[in-house]
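Given next are the chains, with one letter for each unit.
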Amino acid sequence: MQRNEQKLNDTWDLSSLCRDDDAFYKDLKKLENKIKDVKKLKGTLSLNADSFYNALSSLEKILKETERLGSYAFLKYSADSSDASVMNLLGSYENVESKLSEALSFFDPEFMAISDDKIKEFLKDRRSKDYKVYINKSRRYKEHTLSEREEHLLSLYSPLSSAFQDTFQDLDNIDLNFGTVQGEKLTHSNYIKFLKDEREEIRKEAYESFYSAYDNNKHTIARLYAGSIKNDIFLSRARGYKSSLERSLFSDKMPKSVYLNLINEVHNAFPYLHRYYELKAKNLNKDKIKHNDVYLSLVKSVNVNYSYDDAVNIISEAVKPLGDEYGNILIKGLKDDRWVDRYENIGKRSGAFSAGCYTGKPYILTNYEDSVLDSVFTLIHEGGHSMHSYYSVSNNPFLSYNYSIFEAEVASTFNESLLTSYLISNTSGEEKRYIVSKHLDDIVATLFRQTMFAEFELIVHEAGEKGVPLTLDLFRSEYRKLLNAYFGDKVEMLEVSDLEGLRIPHFYRAFYTYKYATGISAALALSEKVLNGEEKERNDYLSFLKSGGSKYPLEALKKAGVDMSKPYAVRSATEHFNSMLDLYESLS
């Protein structure tokens, strides 16, 4: 449908960010006028404690306002990127944000130039309470902060660095024509529905039609992805990191061993994964299945149809182990407070996300489909993100509220684990088998598949760093090797299967995907503790949500009850997957 055909209650209410577009432009002008005030802060940071905390307070106010207006523009764009007025609104914001970034280019070099002894003195001041976490975390970047002149140049370049991602998104969400399947327009949102259709000809038609769009544009997309990788390499080298991976892991204080342990443990679990695909082939009475068959459920002929309201009611029951407060806030947000933009429309971003900020509601975008059980899981997944944002905002000052994505993927996948447990406990017969098979599918998608993506990202970035030309052929050949290794000899890859490596939006946020895999590993461990524990285990988990960005991820998760620096968490997740395979076979 068109955006203007959506029912009001099915869309999010962005008034917690801005009353309307007119208010946005007025506030954006006020923000732009503050640029001259920003420039007055230059040279004041190291004078004394008063000037130091005045500068931090000014920075906080400006960043908070920038985040609010940026969130409004981003959400409007995500809901309908085909609207010219929205494009103008987003462009206006990006222009002002770029000017602010340029004006603030002095800040980090000047902040880093303050001596450690003087910083220690400043931290003794009573005003340090709301800034201590920010100060200590920021000072870690001292060795990667450039001169004022160099920071200024990077700030001028900053708007260009997102061009590869922005162009891919516009191509992927607006311009690509995926054709039709059985007379229905094929989209990102309904593609998975067709791949789960029990009719082989439908799965084949959807797969071929979908990938033909990428095949027709493969050289352009390969160029975009190569540009994105080169951008990652440039920024990592410019700031003195040894590699793009090191730069990506630095903010979370994450050792490289966590990334490599994940890949290693998943490789060790290939026999479990190949057993899963063998069951899929057996279910279809085939020796081998094709790549377009792998999303078909292990359990046939179980009709699923949950309306959005049905989904909210199920979620209400599933999150009860987290207590009344958590459940009441979440359900009110999903149902009455219009946190959620529910259904697909032309120009709307594909997939789903949660986008909370310090000022407004923790908004959720979905493309809900009644006939796809994944939609219920997606809703509770994004609800986990939004509740993480809610608790983080409620318990932390602005400059230390923002938790890492590493932690975020725990909060969302934890909720999916609660939903799975609830559904398995409250179903029987074929429906129970279906839920178990769904859980297996989800672990494959979140643990195994995301690890494969993470391995691919590492391979191509390391190739680029060694000077290997980043060509379409390289992307396809390396991706096909991984497809063969992960899927095993029971899945036959098709000619276009390796084009999948060109269609993953998260690849434009380098080394993001591994966090899904570590997230589900931690989430499975923590949800088991909460479901089998008592009030202490629940409170430990809620304390993790409330900690926001006040701790580094490994520290925060360790206090919640899982040590992700050790391989056992991922190993435990793969063993859980194998036990679910046993459960499925016992129910057959």
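Everything numeric here is computed off the predicted structure, so don't read it as measured data.

Brief notes about the environment of Gly323
Thought 1: Along the polypeptide, Gly323 turns up in the loop between helix H16 (308-318) and helix H17 (324-335).
Thought 2: With 219 residues separating them along the chain, Gly323 and Leu542 place their C-alpha atoms 9.8 Å apart.

Some thoughts on the sheet that holds strand E4 (residues 340-341)
Strand pairing within a sheet occurs via backbone hydrogen bonds; the two strands may be parallel or antiparallel.
Thought 1: Across the sheet, which stays open at both edges, the 3 strands sit in the order E4-E6-E5 with mixed pairing between neighbours. Looking along the sheet, the strands with just one partner apiece sit at the ends: E4 and strand E5 (353-355).
Thought 2: Alignment of E4 against strand E6 (residues 363-365), held across 2 bridges, turns out to be parallel. Pairing of Asp341 across the sheet is with Leu365, part of E6.

Things to note about unusual backbone geometry
Thought 1: Non-glycine residue Lys253 carries a positive phi angle of around 55°.
Thought 2: Position of Lys253 among the secondary structure elements: in the loop between helix H13 (244-250) and helix H14 (256-268).
Thought 3: For Lys253, a relative accessible area of 48% corresponds to the partly exposed category.
Thought 4: Its identity as a non-glycine residue notwithstanding, Phe511 has a phi of 60°, on the positive side.

Re the packing of aromatic side chains
Thought 1: As enumerated under the stated definition, the model contains 49 aromatic pairs in all.
Thought 2: Arranged with centres 6.4 Å apart and planes meeting at 40°, the rings of Trp12 and Phe353 form a pair that is tilted. One end of the pair, Trp12, is in the segment before helix H1 (21-33); the other, Phe353, is in strand E5, and 341 residues separate them in sequence.
Thought 3: Relative accessible area serves as the criterion here: at 5%, Trp12 is assigned to the buried category.
Thought 4: By relative accessible area, which is 10% here, Phe353 ends up buried.
Thought 5: Three or more aromatic residues joined by ring pairs form one cluster here, namely Phe52, Tyr53, Phe106, Phe107, Phe111, Phe122, Tyr131 and Tyr134.
Thought 6: Over the face of the ring belonging to Phe250 we find Arg140, whose NZ or CZ atom lies 4.0 Å from the ring centre.
Thought 7: In this structure, Lys193 packs its charged tip against the face of Phe194, placed 5.3 Å from the ring centre.

What counts, and at which threshold
- Residues numbered from 1 in each chain as written.
- Predicted model: local features only at pLDDT ≥ 70, side-chain atom pairs only at ≥ 80, totals over all residues.
- Heavy atoms only, no water.
- Helix = DSSP H or I, 4+ residues; strand = E, 2+ residues; numbered from the N terminus.
- Pairing = 2+ DSSP bridges.
- Buried < 20%, exposed > 50% of the residue type's maximum accessible area, 1.4 Å probe, protein only.
- Phe/Tyr/Trp six-rings, centres within 6.5 Å; stacked < 30°, edge-to-face > 60°.
- Lys NZ or Arg CZ within 6 Å of the ring centre and 35° of its normal.

Treat this as a map of the structure, not an account of what it does.
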